[in-house]
Amino acid sequence: MLPAVIAPSILSADFARLGEEVDAVIRSGADWIHFDVMDNHYVPNLTVGPLVCEALRRHGVTAPIDVHLMVRPVDRLVPDFARAGATLISFHPEATDHVARTIDLIRDHGCQPGLVFNPATPLTWLDHTLDTLDLVLLMSVNPGFGGQRFIPSALDKLAEVRRRIDASGRQVRLEIDGGVKPENVAAIAAAGADTFVAGSAIFGSGDYAATIADLRRLIGEGRENSRS
Ligand code: DX5
Ligand code: ZN
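Residues numbered from 1 in each chain as written. Chains lettered and ligands numbered in written order. Predicted model: local features only at pLDDT ≥ 70, side-chain atom pairs only at ≥ 80, totals over all residues. Heavy atoms only, no water.

In the segment running from Arg72 into Pro73, the intervening peptide bond is cis, with an omega of -5°. Within the secondary structure layout, Pro73 lies in the loop between strand S3 (65-70) and helix H3 (78-83). Non-glycine residue Asn40 carries a positive phi angle of around 55°. For Asn40, the position within the fold is in the loop between strand S2 (33-38) and helix H2 (50-59). (Helix = DSSP H or I, 4+ residues; strand = E, 2+ residues; numbered from the N terminus.)

Rendered as structure tokens:
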């Protein structure tokens, strides 16, 4: 199992002070920054684009930036985000015409490709793509908004993807996104996730360092329990 990664979602940060907010969560022990891109088309909300990603890099952010594209179409934005300093770029398979081509495009631009599954998206999309991915992202809410409640069926789906990744023999990260909290993160880790997005749980807490430390301890406990 890969070391656990905690990726605060900027969606719940104070956008008027975004650079400071990102610095604060990294200083508080976060590993990656989860960067939610919404287009008011694929999802009913609108957030930020490559300019803001680039601004974070110029501000001095060196942590991996995990770009989660909730946009349709996808390909047009990939080169822009690569230039803006994205580390990973994930997209929803139903939002592009040629999934394999989009994965190649992300890799050709020097970024790590990820495929994202909504709660009702079947895992069959992995059949012909898993060998080319660095990340599988399972949504545990329907995409579009922060602060929603975790959908429990994501746990069985995580376990299924964990089996597929292990059988592949490749090092593919398994990320969970939506409603992740200290109360459920141990069960999520036990089900096989190794990368944890948390927006409101971290940015909505008074003490980022304490919350991230809590999440990390509970992830460790979940991993221990799944072994015993
Ligand atoms: C939802 C986004 C998530 C969201 C997570 O569409 O992809 O990253 O911001 O926020 P919380 O952790 O508050 O559910
Ligand atoms: Zn996200």
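Let us now look at the state of the cysteines. Tallying each qualifying case throughout the model produces 0 disulfides. No disulfide involves Cys53; its sulfur sits 8.8 Å from the nearest other cysteine sulfur, which is in Cys111. (Disulfide = S-S within 2.5 Å.)

Let us look at the site of ligand 1. For ligand 1, the set of nearby residues contains 20 residues, the closest of which are Asp36, Gly144, Asp177, Gly199 and Ser200. Between ligand 1 and His34, the relevant distance is 3.4 Å, taken from an oxygen atom to a side-chain nitrogen or oxygen of the residue. With respect to ligand 1, the side chain of Asp36 contributes an N or O atom lying 2.7 Å from an oxygen atom. Of all the elements in the fold, those that place two or more residues in the shell around ligand 1 are S2, S3 and strand S8 (195-198). The element contributing the most residues to the shell around ligand 1 is S2, with 3 residues. Across the shell around ligand 1, the residue classes break down as 8 nonpolar, 10 polar and 2 charged. (Near = heavy atom within 4 Å. Polar contact = N/O pair within 3.5 Å; in protein donor to acceptor, adjacent residues only side chain to side chain. Nonpolar A, V, L, I, M, F, W, Y, C, P; charged D, E, K, R; others polar.)

Among the secondary structure elements, Ile202 is positioned in helix H7 (residues 200-203). Judged by relative accessible area, Ile202 falls into the buried class, the value being 0%. Distance in space between the C-alpha atoms of Ile202 and Ala13 is 8.9 Å, their sequence separation being 189 residues. With near-sequence residues (within four places) excluded, Ile202 lies in contact with Ile6, Pro8, Val25, Tyr208, Thr211, Ile212 and Leu215. (Buried < 20%, exposed > 50% of the residue type's maximum accessible area, 1.4 Å probe, protein only. Contact = heavy atoms within 4.5 Å.)

Within the largest apolar cluster, 71 residues are counted, with the highest numbers of intra-cluster contacts made by Phe35, Val136 and Ile176. Setting aside anything within four residues of it in sequence, one finds Ile176 in contact with Leu137, Leu138, Ser140, Phe150, Ala154, Leu158, Ile188, Ala193, Thr195, Phe196 and Val197. Val5, Ala7, Leu137 and Met139 belong to the second-largest nonpolar core, a separate cluster that totals 10 residues. (Core = buried A, V, L, I, M, F, W, Y, C linked by side-chain atoms within 4.5 Å.)

The next subject is helix H1 (residues 18-27). Inspection of H1 places Leu18, Gly19, Glu21, Val22, Ala24 and Val25 among the buried residues, and these make up the whole buried set. The inward-facing, buried residues of H1 abut strand S1 (5-8), S2, H2, H7 and helix H8 (208-227). Immediately downstream of H1, the backbone of Gly29 shows phi near 110°, a positive value.

Considering the arrangement of structural elements, one finds Thr87 in the loop between H3 and strand S4 (88-91). Thr87 has contacts with Arg57, Pro64, Ile65, Cys111 and Gln112, leaving out every residue within four places of it along the chain. A distance of 3.2 Å separates a polar atom in the side chain of Thr87 from a polar atom in the side chain of Arg57.

Before going further, it helps to examine the coordination of the zinc ion (ligand 2). A metal bound by six donors in octahedral fashion has ideal angles of 90 or 180 degrees, whereas one bound by four tetrahedral donors has an ideal angle of 109.5 degrees. Around the zinc ion (ligand 2), the protein supplies His34 (NE2), Asp36 (OD), His68 (ND1) and Asp177 (OD) as donor atoms, at distances of 2.1 to 2.3 Å. Coordination at the zinc ion (ligand 2) is octahedral: its 6 donor atoms span angles of 69 to 170° at the metal. Of note, the donors binding the zinc ion (ligand 2) are all from one chain and are spaced H-x1-D-x31-H-x108-D. Across this residue pair, the class does not change: His34 and Asp36 are buried. (Donors = N, O, S within 2.8 Å, 3.2 Å for Na, K, Ca; no water. Tetrahedral: all angles 85-135°; square planar, octahedral: opposite > 155°, others 65-115°.)

It is worth spelling out the side chain of Asn118 at this point. Relative to the helices and strands, Asn118 resides in the loop between strand S5 (112-117) and strand S6 (135-139). A polar contact is formed between the side chain of Asn118 and the side chain of Glu94, at a distance of 3.3 Å. Contacts of Asn118, omitting those with residues within four sequence positions, involve Tyr42, His92, Glu94, Met139, Pro143 and Lys157.

In the structure shown here, the tally under the stated rule is 18 salt bridges. A salt bridge links Asp80 to Arg83; the shortest N-O distance between them is 3.0 Å. Taken together, the positions of Asp80 and Arg83, both in helix H3 and 3 residues apart, correspond to about one turn of that helix. Judged by relative accessible area, which is 66%, Arg83 ranks as exposed. The salt bridge partner of Arg173 is Asp194, with a shortest N-O separation of 3.4 Å. (Salt bridge = Lys/Arg side-chain N within 4 Å of Asp/Glu carboxyl O.)

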